[in-house]
Amino acid sequence: MIVWLNGTHGVGKTTTSRLLQPLLPGARVLDPEKVGETLMDVRPTLRTTDDFQHWDPWRPLVVETARQVLAYVGGILVMPQTVLVERYWREISGGLAGHGIPVRHFVLHTDQATLRHRIEHDEDLGPSTFRFSRMEPYAEAARTWLHADAEVVDTTHISPEQTARTIADAVLGAAPVSGSGAGPVSAVRTVGEG
């Protein structure tokens, strides 16, 4: 199984993945960004882009990497990666489904004021113009397809530890956090809520 943590840059996916991994028996973290970094090392460079996700090889390489790792070790892969282009998500999720790999797709969400504060006060990266530049594309994806496609966890008023626990409880209980007819769950934002 794959537990994919989506959401905008700076919302806490990497931190949550580190906290979530020990809560899920047999879980490992596989960061799809490392696949992008490998492609960035190709020389001469691939065509110029502001995001490695636009390189066509990235999506199938993420699928194949996840498939190979799961075939080798089994268990659960926690994969923290922002994917805001619906076609790209369909390629990845469809590729995984084609290999019979179930995916739980979670979106970590927070209100814009909280997100701005987190980006401005990030102790590791400091204020990031790249992260700020992704706020509107995330909001657009959330409105048009992303929140309808995933289980949305509102992290505005909960800690990263609580976020990880909420996701772990959903995965281990095999119950959806939101959507699929489920009622609201504590710490969860379903589509259409404030």
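Refer to the structure printed above.
These numbers come from a predicted model, not from an experiment.

(A) Just unusual backbone geometry, in detail. Of note, the bond from Arg-43 into Pro-44 is cis; its omega dihedral lies within 30 degrees of zero at -10°. For Pro-44, the position within the fold is in the loop between helix 2 (33-40) and helix 3 (58-73).

(B) Structural view of the environment of Thr-166. Here Thr-166 lies in helix 8 (residues 160-173). Sequence separation between Thr-166 and Val-153 is 13 residues, and the spatial gap between their C-alpha atoms is 8.1 Å.

(C) Representation of the layout of surface pockets within the structure. Taken as a whole, the largest pocket holds about 1100 Å³ of empty space. Around the largest pocket sit 39 residues that line it, and Gly-10, Thr-14, Asp-122, Leu-125 and Arg-131 are the ones nearest its centre. Within the residue set of the lining of the largest pocket, elements represented by two or more residues are helix 1 (13-20), helix 2, helix 5 (112-120), helix 6 (129-133) and helix 8. When residues in the lining of the largest pocket are grouped by element, the largest group, five residues, is from helix 1. By residue class, the composition of the lining of the largest pocket is 10 nonpolar, 16 polar and 13 charged.

(D) Local environment of the packing of aromatic side chains. A complete count under the given rule lists two aromatic pairs for this structure. Here Trp-4 and Trp-89 contribute two aromatic rings whose centre-to-centre distance is 5.2 Å and whose plane-to-plane angle is 70°, an arrangement assigned as edge-to-face. A residue pair is termed long-range when its members are at least 10 positions apart, and Trp-4 in strand 1 (residues 2-6) and Trp-89 in helix 4 (residues 86-98) qualify at 85 residues. The same class applies to Trp-4 and to Trp-89, which are both buried. Seen from their ring centres, Phe-52 and Trp-58 are 5.6 Å apart, and the 55° between their planes marks the pair as tilted. Looking at Phe-52, the relative accessible area reads 11%, which means it is buried. Note on Trp-58: relative accessible area 0%, which makes it buried.

(E) Seen up close, the sheet that holds strand 1. Taken in spatial order, the five strands line up as 2-3-1-4-5 in an open sheet, and their pairing is parallel. Of all the strands in the sheet, just strand 2 (27-29) and strand 5 (151-154) have a single pairing partner and so form its edges. On average, adjacent strands in this sheet sit at an angle of 25° to one another, irrespective of strand direction. In this sheet, strand 3 (residues 76-80) lies alongside strand 2 in parallel orientation, the contact comprising three bridges. Its bridge partner lying in strand 3, Ala-27 is registered against Ile-76. Against the sheet, helix 1 engages strand 1, strand 2, strand 3 and strand 4 (103-109), with an angle of about 150° to strand 1.

About the criteria used
- Residues numbered from 1 in each chain as written.
- Predicted model: local features only at pLDDT ≥ 70, side-chain atom pairs only at ≥ 80, totals over all residues.
- Heavy atoms only, no water.
- Helix = DSSP H or I, 4+ residues; strand = E, 2+ residues; numbered from the N terminus.
- 1 Å grid on protein atoms, 1.4 Å probe; cavity = no way out; pocket = protein on both sides within 12 Å on 5 of 7 lines; lining within 4 Å.
- Points joined across faces, edges and corners; volume = space filled by probe spheres on them.
- Nonpolar A, V, L, I, M, F, W, Y, C, P; charged D, E, K, R; others polar.
- Phe/Tyr/Trp six-rings, centres within 6.5 Å; stacked < 30°, edge-to-face > 60°.
- Buried < 20%, exposed > 50% of the residue type's maximum accessible area, 1.4 Å probe, protein only.
- Pairing = 2+ DSSP bridges.
- Axes fitted to C-alpha atoms, helices over the stretch in contact; angles between N-to-C directions.
- Contact = heavy atoms within 4.5 Å.

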